[in-house]
Amino acid sequence: MVSGRPLDSAIAVADRALRAVFAPARSSRPAPGGAAAPPPLSETDRRSAAGLMRVNHTGELAAQALYHGQALLARSEKTRALLMEAARAESDHLAWCETRLKELAARPSLLNPLWYAGSFAIGALAALAGDRASLGFVAETERQVEGHLDAHLGRLPASDARSRAILETMRAEEVAHGATASSAGAVPLPQPVRALMRRTATLMTGTAYWI
Ligand SMILES: [Fe+2]
Ligand SMILES: [Fe+2]
């Protein structure tokens, strides 16, 4: 946070939130799976893939919001920079999921503003526990996302190679994000906190599949 300039910080926070939720996500790299238009899926497969990719889109938005919230209240500049870099990396993932949703003729979750706001608040709370706990929160988030992506890779229709390529690339990068946080001094989170994070994620992903 820019100390002594709370208005500037509030404007920057609002600007980041509005961009993340309402502006088309910007990617620094093309979506995995090649430039050629992917073959169309059967209606059953399209619906199933669209539900799963909507969940992943919301998950990437929530990850960005968590890291924005954590960065706002980070104690050291080094941790803040690490968190903002993590949020930027999630922006590529968000853009890839957004592109895939369009290809699948599907829309993002209508509740995304709510998920962003809730995740931002959780991120800010995590930051209050100190930088090493906050980095532990990143490591645990990425570990849980990795498990979630494994489950989705098992559930994606076999015909949907494009979504599979996106999720496999995201999975590899989430593992790397977790490792970066761990090597920066993350401390393990208490079991009840990890369980609460899991329950919150289940609520979000269960809802985003449909709404
Ligand atoms: Fe991600
Ligand atoms: Fe990540």
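All values derive from a computational prediction rather than experimental measurement.

Trainee: Help me understand the overall build of the protein, please; the structure alone is not making it clear to me.
Mentor: In terms of helices and strands, the protein carries seven helices and zero strands. Ordered by position from N to C terminus, the α and β elements of the protein give α-α-α-α-α-α-α. Relative to a compact globule of 211 residues, whose C-alpha radius of gyration would be 17 Å, the protein shows 17 Å and is just as compact. When the backbone C-alpha atoms are referred to their principal axes, the protein occupies close to 55 × 35 × 30 Å. A burial count over the protein gives 47% of its 211 residues as buried. For the protein, restricting intrachain contacts to residue pairs at least 6 apart in sequence, the fraction spanning at least 24 positions comes to 86%. Accessible surface for the protein amounts to roughly 10400 Å². Of this, 64% is attributable to carbon and sulfur atoms. Averaging the coordinates of the 24 positive side-chain charges in the protein and doing the same for the 20 negative ones gives two points 3 Å apart.

Trainee: When you look at the nonpolar core in this model, what are you seeing that I'm missing?
Mentor: One finds Ala-49, Met-53, Leu-104, Leu-156, Ile-166, Leu-167 and Met-170 to be the most contacted residues of the largest nonpolar core, which totals 19 residues. Among the elements of the structure, α2 (43-72), α3 (77-103), α5 (131-155) and α6 (161-183) are those that each provide at least two residues to this core. Per-element tally for this core: the top contributor is α2, with five residues. If we skip the residues at most four places from it in the chain, Ala-49 touches Leu-41, Leu-104, Leu-156, Pro-157 and Asp-160.

Trainee: I'm lost on the coordination of the iron ion (ligand 1) in this one. Help?
Mentor: For a metal with four tetrahedral donors the ideal donor-metal-donor angle is 109.5 degrees, whereas six octahedral donors ideally subtend 90 or 180 degrees. For the iron ion (ligand 1), every protein donor is listed as Glu-60 (OE), Glu-60 (OE), Glu-90 (OE), His-93 (ND1) and Glu-174 (OE), and the spread of their distances is 1.9 to 2.6 Å. A spacing of 3.7 Å is found between the iron ion (ligand 1) and the iron ion (ligand 2), which share Glu-90 as a donor. One end of the pair, Glu-90, and the other, His-93, are both in helix α3, three residues apart, so they sit about a helical turn from each other. Look at Glu-90 and you get buried, because its relative accessible area is 1%. Given a relative accessible area of 0%, His-93 falls into the buried group.

Trainee: What exactly am I supposed to notice about the environment of Ala-50 here?
Mentor: Structurally, Ala-50 can be placed in helix α2. Remark: the alpha-carbon pair of Ala-50 and Ala-106, spanning 56 residues in sequence, is separated by 6.0 Å.

Trainee: Help me understand the packing of α5 against α6, please; the structure alone is not making it clear to me.
Mentor: Axes are the key here: two packed helices are described by the angle between their axes and the distance separating the axes. Remark: α5 packs on α6, axes separated minimally by 8 Å, with the N-to-C direction vectors making an angle of 160°. The angle between α5 and α6 places the two elements in the roughly antiparallel class. Relative to α6, α5 is oriented so that their crossing is left-handed. Along the contact surface, α5 presents Leu-135, Val-138, Ala-139, Glu-142, Val-145, Glu-146, Leu-149, Asp-150, His-152 and Leu-153, while α6 presents Arg-164, Leu-167, Glu-168, Met-170, Arg-171, Glu-174, Val-175, His-177, Gly-178, Ala-181 and Ser-182. A class-by-class count of the residues in the contact of α5 with α6 yields 10 nonpolar, four polar and seven charged.

Trainee: Sorry if this is basic, but what is going on with the coordination of the iron ion (ligand 2) here?
Mentor: Taken together, the protein donors to the iron ion (ligand 2) comprise Glu-90 (OE), Glu-142 (OE), Glu-142 (OE), Glu-174 (OE) and His-177 (ND1), at separations of 1.9 to 2.7 Å. Mapping the donors of the iron ion (ligand 2) onto the primary sequence yields the spacing E-x51-E-x31-E-x2-H.

Cut-offs and rules
- Residues numbered from 1 in each chain as written.
- Chains lettered and ligands numbered in written order.
- Predicted model: local features only at pLDDT ≥ 70, side-chain atom pairs only at ≥ 80, totals over all residues.
- Heavy atoms only, no water.
- Helix = DSSP H or I, 4+ residues; strand = E, 2+ residues; numbered from the N terminus.
- Rg over C-alpha atoms; globule rule 2.2 N^0.38 Å.
- Buried < 20%, exposed > 50% of the residue type's maximum accessible area, 1.4 Å probe, protein only.
- Contact = heavy atoms within 4.5 Å.
- Areas by Shrake-Rupley, 256 points an atom, 1.4 Å probe, with all protein chains shown as cover.
- Lys, Arg positive; Asp, Glu negative; His and termini not counted.
- Charge placed at Lys NZ, Arg CZ, Asp CG, Glu CD.
- Core = buried A, V, L, I, M, F, W, Y, C linked by side-chain atoms within 4.5 Å.
- Donors = N, O, S within 2.8 Å, 3.2 Å for Na, K, Ca; no water.
- Axes fitted to C-alpha atoms, helices over the stretch in contact; angles between N-to-C directions.
- Parallel < 35°, antiparallel > 145°, perpendicular 65-115°, else oblique.
- Left-handed = near helix turned anticlockwise from the far one by under 90°.
- Nonpolar A, V, L, I, M, F, W, Y, C, P; charged D, E, K, R; others polar.

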